[in-house]
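As a plain string of letters, each chain reads:
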Amino acid sequence: MDFIWSIGSRWRARVNDYDTRRLLAQCLRVGDPVRLRWPVTVHHPAGLSFGDQVDVGEFTVIRANGGVTIGNRVLIAAHAVITSRQHPTMLPRYGVALDAPVTIEDDVWIGAGAIVLPGVTIGAGAVVAAGAVVVASVDRATVVAGVPARFIKQIPSTEETS
């Protein structure tokens, strides 16, 4: 039984590698390395830009119609949603979409199940807690949490902790 599991596991890894290469080839920019932990869903990859050393967790959804830029050394945990597309609050909503870019700067950590909405910039070194819904831009080196996401604390710089 272990032999059969091993073959299936190796086959799945090869399929994931192929899917990763195929998806990343469609993106606007891709740094090195970018690791996608499958399954990952990306809508409109032509609007998606990855920096270097990016890790995207399982079941993450990225909708890049309005443009999504992800910086260097970014960690995106499982089940996160990053979207640059929304519907208007005014009627009619059906068939109408509004796009606004999302920017995730360097050294950001987005926790499991977090949602980042259109028009948001997450500053360098920030942490978005698990389950947070980010509706407004986040300052650099801060932790935000909650629905909607609110400031929790400032992250001390490495000089302050030495």
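The structure under discussion appears in the preceding block.
Residues numbered from 1 in each chain as written. Predicted model: local features only at pLDDT ≥ 70, side-chain atom pairs only at ≥ 80, totals over all residues. Heavy atoms only, no water.

K.L.:
Help me understand the overall build of the protein chain in this model?
P.N.:
A count of helices and strands for the protein chain gives two helices and 18 strands. The C-alpha extent of the protein chain, read off along each of the three principal axes, is 55 × 50 × 30 Å. Looking at the 162 residues of the protein chain, the share that counts as buried comes to 35%. Long-range pairs, those at least 24 residues apart, make up 17% of the contacts in the protein chain between residues at least 6 apart in sequence. In the protein chain, the 15 positive side-chain charges and the 14 negative ones have mean positions that sit 8 Å from each other. (Helix = DSSP H or I, 4+ residues; strand = E, 2+ residues; numbered from the N terminus. Buried < 20%, exposed > 50% of the residue type's maximum accessible area, 1.4 Å probe, protein only. Contact = heavy atoms within 4.5 Å. Lys, Arg positive; Asp, Glu negative; His and termini not counted. Charge placed at Lys NZ, Arg CZ, Asp CG, Glu CD.)

K.L.:
I would appreciate a short explanation of the sheet that holds strand β11 (residues 102-104) in the present structure.
P.N.:
Note on sheets: strands pair through backbone hydrogen bonds, and any given pair is parallel or antiparallel. The sheet built from four strands is open, its strands ordered β3-β6-β11-β14 with parallel pairing. Edge positions in the sheet fall to β3 (48-50) and β14 (121-122), since each has one partner strand and no second. Bridge count between β3 and strand β6 (residues 68-70): three bridges; the pairing is parallel. If you follow phenylalanine 50 over to β6, its bridge partner there is isoleucine 70. (Pairing = 2+ DSSP bridges.)

K.L.:
Even after reading the chapter, I still don't get the pattern of salt bridges, so can you show me in this structure?
P.N.:
Close approach of charged atoms allows side chains of opposite charge to pair. Enumeration according to the criterion identifies five salt bridges in this entry. For aspartate 55, the salt bridge goes to arginine 37, with nearest N and O atoms at 2.9 Å. Here the residue aspartate 55 occupies a position in strand β4 (residues 54-56), and arginine 37 occupies one in the loop between β1 (34-36) and β2 (40-43), the gap between them amounting to 18 residues. Arginine 73 is paired through a salt bridge with aspartate 107; the nearest N and O atoms lie 2.6 Å apart. Pair noted here: arginine 73 is in the loop between β6 and β7 (75-76) and aspartate 107 is in the loop between β11 and β12 (109-110), with a separation of 34 residues, a long-range link. Classification of aspartate 107 by relative accessible area gives partly exposed; the value is 36%. One connected set of salt bridges, linked through shared partners, spans Arg35, Arg37 and Asp55. (Salt bridge = Lys/Arg side-chain N within 4 Å of Asp/Glu carboxyl O.)

K.L.:
Mind showing me how you'd approach the sheet that holds β2 here?
P.N.:
As summarised here, the arrangement of the five strands in space is β2-β5-β8-β13-β16, forming an open sheet in which the pairing is parallel. One side of each edge strand has no neighbouring strand; the edge strands of this open sheet are β2 and β16 (133-134).

K.L.:
So what exactly am I meant to see when it comes to unusual backbone geometry here?
P.N.:
Going from aspartate 32 to proline 33, the amide bond is cis rather than trans, its omega being -10 degrees. Among the structural elements, proline 33 can be located in the loop between α1 (2-25) and β1. Of note, the amide linkage connecting tryptophan 38 to proline 39 takes the cis form, showing an omega dihedral of 5 degrees. Counting through the fold element by element, proline 39 comes out in the loop between β1 and β2. One non-glycine residue, phenylalanine 59, lies in the positive phi region at around 60 degrees. By secondary structure assignment, the location of phenylalanine 59 is in the loop between β4 and β5 (60-63).

Structural measurements only, silent on function.
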